[in-house]
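Working through the structure, step by step
Letter by letter, the chains look like this.
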Amino acid sequence: MEASAFLPPLPWQPPGLPQPRAAAAAAGAARQPPAAAGHGAAGRGTQRRLRPRPGRVGGTARQVSGGGGGYWGGVRGAAAAAGGGGARPAAAAEGASAPPHREPPAAAEESPAAATAEAPPHAHPMTADSWRNLIEHIGLLYQEYRDKSTRQEIETRRLQDSQTDPEESSPSEETPSEAEPTSTTESKAPPQISLLRNSNSRFNLWQDLPEIRSSGVLSILQPDEIKLQEAMFELVTSEASYYKSLNLLVSHFMENERLKKILHQSEAHILFSNVLDVMAVSERFLLDLEQRVEENIVISDVCDIVYQHTVNHFSVYITYVSNQTYQERAYKQLLQDKPAFREVISQLELDPKCKGLSFSSFLILPFQRITRLKLLVQNILKKVEEKSDRETTALDAHKELETVVKACNEGVRKMSRTEQMISIQKKLEFKIKSVPIISHSRWLLKQGELQQMNGPKTSRTLRTKKLFREIYLFLFNDLLVICRQIPGDKYQVFDSAPRGLLRVEELEDQGQSLANVFILRLLENADDREASYMLKASSQSEMKRWMISLAPNRRTKFVSFTSRLVDCPQIQCVHPYVAQQPDELSLELADILNILDKTDDGWIFGERLHDQERGWFPSSMGEEILNPKIRAQNLKECFRVHKSDDSQRRKLGSRNRQ
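So, how was this worked out
- Residues numbered from 1 in each chain as written.
- Predicted model: local features only at pLDDT ≥ 70, side-chain atom pairs only at ≥ 80, totals over all residues.
- Heavy atoms only, no water.
- UniProt positions renumbered as here; feature names shortened; annotations may be inferred.
- Helix = DSSP H or I, 4+ residues; strand = E, 2+ residues; numbered from the N terminus.
- Buried < 20%, exposed > 50% of the residue type's maximum accessible area, 1.4 Å probe, protein only.
- Contact = heavy atoms within 4.5 Å.
- Areas by Shrake-Rupley, 256 points an atom, 1.4 Å probe, with all protein chains shown as cover.
- Axes fitted to C-alpha atoms, helices over the stretch in contact; angles between N-to-C directions.
- Parallel < 35°, antiparallel > 145°, perpendicular 65-115°, else oblique.
- Nonpolar A, V, L, I, M, F, W, Y, C, P; charged D, E, K, R; others polar.
- Expected span 1.5 Å × (residues − 1).
- Pairing = 2+ DSSP bridges.

- Per an unreviewed UniProt entry, the chain goes by the name Neuronal guanine nucleotide exchange factor and belongs to Aquila chrysaetos chrysaetos.
- Under the UniProt heading Subcellular location (unreviewed entry), the note attached to the chain is "Cell projection".

Observations regarding the overall build of the chain
- In terms of regular secondary structure, the chain is built from 23 helices and 13 strands.
- Across the 658 residues that make up the chain, the buried fraction comes to 53%.
- A sequence separation of at least 24 residues applies to 70% of the contacts in the chain between residues at least 6 apart.
- Of the roughly 29,700 Å² of accessible surface on the chain, a fraction of 50% belongs to carbon and sulfur atoms.

Some points on the side chain of Asn 525
- The residue Asn 525 is located in the loop between β7 (517–522) and β8 (531–536) in this model.
- Residue classification places Asn 525 among the buried residues on the basis of a relative accessible area of 4%.
- Contacts of Asn 525, omitting those with residues within four sequence positions, involve Asp 495, Ser 496, Ala 497 and Ala 531.

Focus: the packing of helix α6 (residues 142–163) against helix α9 (residues 223–254)
- As a packed pair, α6 and α9 sit with axes 7 Å apart at the nearest point and diverge in direction by 140°. In terms of orientation, α6 lies oblique with respect to α9. Of α9, the residues touching α6 (which contributes Tyr 142, Gln 143 and Tyr 145) are Glu 234, Ser 238, Ser 241, Tyr 242 and Ser 245.
- Tallied by class, residues from the contact of α6 with α9 come to 3 nonpolar, 4 polar and 1 charged.

Structural notes on helix α18 (residues 365–383)
- Here α18 is 19 residues long and its end C-alpha atoms lie 27 Å apart, about the 27 Å a rise of 1.5 Å per residue gives.
- Burial analysis of α18 places 14 of its 19 residues in the buried class, the great majority of the element.

Considerations on the environment of Glu 234
- Note on placement: Glu 234 falls in helix α9.
- Using a relative accessible area of 1% as the deciding quantity, one classes Glu 234 as buried.
- Once the C-alpha coordinates of Glu 234 and Leu 376 are considered, the two residues, 142 residues apart in sequence, prove to be 7.9 Å apart.

As for the pairing of strand β9 (residues 570–573)
- Of the two faces of β9, both are covered, the one formed by Gln 570 and Gln 572 as well as the one formed by Ile 571 and Cys 573.
- The pairing of β9 with strand β10 (residues 592–598) spans 3 bridges and is classified as antiparallel. Paired with Gln 572 across the strands is Ile 592, a residue of β10.
- Looking at chain direction, β9 and strand β13 (residues 622–625) are connected through 4 bridges and run antiparallel. Of the residues in β13, the one forming a bridge with Cys 573 is Gly 622.

Quick notes on the sheet that holds β7
- Strands sit in the order β1-β5-β4-β3-β2-β8-β7-β6 across an open sheet of 8 strands; the sheet is mixed. Because the sheet does not close on itself, it has two edges, and the strands there are β1 (428–430) and β6 (502–506). For this sheet the average axis-to-axis angle between neighbouring strands, irrespective of direction, equals 40°.
- The sheet contacts of helix α19 (residues 389–427) involve β1, β2 (444–453), β3 (468–476) and β5 (490–498), and relative to β1 the element is tilted by about 45°.

Written out as C-alpha cells, the structure reads:
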C-alpha cells in the first residue's frame, strides 16, 4: 500500500505559495521595499553572499552557490530555491491561487499626526552582518527555549502576584503597575528573550543590540513601545530557534543513512509526514521576518507578515498535525517491532547536538510552534496601542492563526473519535428501538459507571443492601445512552435521550447513604415520555463532572456560564497535564484559567483564557492567583484579544433573535 494511503486527506486545499516579498509588499507597501524577483542573491542584490547548508534536504533543489557555512545561510538558500526559481514544496505543487483575504492596513497611510503617535521613529537599517551574527549566536533549540520561556513567565507572574497586597487592590483597577518589577530593564522587556542566548553572548534583548544602544532610540521611545519591540523581537528570534530544531530533525534523524535502510518508504512517510513542507514554510517566514528587522532597527510591525504567511502558507501545519495519530502509532510500533530502529534512534538521541532531547520531542515541534505563535501574537496584541492600525493587523493575524490551530486540533481528534465510535457501536445491544451511534458530527464526551437507586426513597430501603444497582452511561455531544453491562464486554441499552433534553439536580446532604447523589431527568426519553433517575457517583468530583457534562449550561460554583464579567478565581498552570478522559483539559506550562468550579477532593473545572477551552484537571497542577488586580488585568487582556470574536458572536446572536 502506498504511504499516502495512511495519511489523512488535506483538510483544505493548500494555496499556492507566492513569493514572500510580494506578499509582504501587498500587506504594507509603505513599509516594504520593491518586491524582489526571488529570494536568492539576484533578488537581494549584493547585500551578502549566500551560504549553502551542508547536505541536501529531502531532494528539494536547495543548492545555492557561494562559500562559507552556517545554518542561517541555509535559510536563505533554501528559501531562495523554494520561493524563487527552484523546486517548490510538495504542498504548493498544484499551484493553486491564494485565497482571498482582507489586506491589513498600513500604518504609513495614516495622517502624519497619527503616524507619529503610532509608528516607532525611524532610526537606520540594521546591517546584514549584524543580524546574521545575532541569529547564529542563538544557542537554544526550540524545545529548550519553549520550556525555559514558559517557566520564566510563571516566575514573573508569581512575582507580580506577591508584590501587591490583595486586600489593598481593587479588581476594577487597570494595569497592575505596582506589581511589576521596578527595575528599568525588567519593566521594559519580558525576560524570555535572554533565554534564547548562549551564556557567552552579549546579546540578550532587543534593547541590548549594539545598534539600538548606539542609536539613542531608547531615550526617545516610550516604555510601552520598548515592551512591544521586545515582544516582536521574541517572535522573530524564536522562529529562528524553531527552524534550528526543524533542521536538526531533518538532517540528523530523517536523512540518517542507517535509519533510511531500516525504514520502509511508507513507514518513513508516516513518521516524518510533510516535515519538509513545514520546514520550507518556516524558511520563507523567517526570511521575511529577517528583512523586516533589517529595514529598521526599530521594528515597524511583524503581524502583517504573520497574517500573510498564515493565510497563504500555514495549511502545511494542518496536514502535519492531522497525521499525529498515525505518527504516534507508527513510532510505538516501530520501537516494539524493530530492535534496529530502536537502537539507531537511541544512538542519535545521545548525540550532543540533541542536548539530551528525545526524538519524539522533535516530531511534535510543528504543533507546539503553531500554538506558541498564536500566543506570541497575543502578547504583541496586548502591547499595541488600542484602536491603532497595528492592533487591527495583530487581530487579523491572531484570527487566522486561531483558525489554523483549531483545524489542527480537529484534525488530531477526527481519527481517534472515529475509531472510538466504531468500537462503542460494536459493544452496544439495544433492548429498545435501535439508535444509530456512528455519525460524522457525533463524538464521545464521557462514559462510566454510576449507581442507580432502586425503589422509593424511604428509611426502609435506605437500610437495605440492594439500594443501588450499577448502570453504565455513554454521553455523546448530542445523545445520552443508558445501559447495563452484560457478559462479553457488552452493554444492553434500556433508555436514551437527546442531550439537549437532559436536566440535573444535586440533592442536599442527606447522610452518607445519599452522599454524591444527583437526579438526572430526561424530558423526553426513548419512549417519548419524561423519566427520572437517582444516580450515585463514587466521589464528589465524579458527581460534579457528570452533572456539568450532562447539563453544560448550568451555573457553576463561581460564575455563570453565560457571563465572563465576574471576578472569579484564577489559576496558573505550573505542571503540564495530559487529559486522561474526554471531559478533562490538557494543560501547558503558564496557562491561565478561570476557575469555574472545584471539588473538595482536588479537581478543578476551568476555562483557559487564551482559547476558552474548558475541562477538568487536578488542582495540584496549578497555583491560584490571589491578587484581584492581576486577575482583572488577565481578564482585560483576554477580552481585548477576543473582542473581534465576541463582536461576531453578538452579531450572530442578534440575527438569530430576529
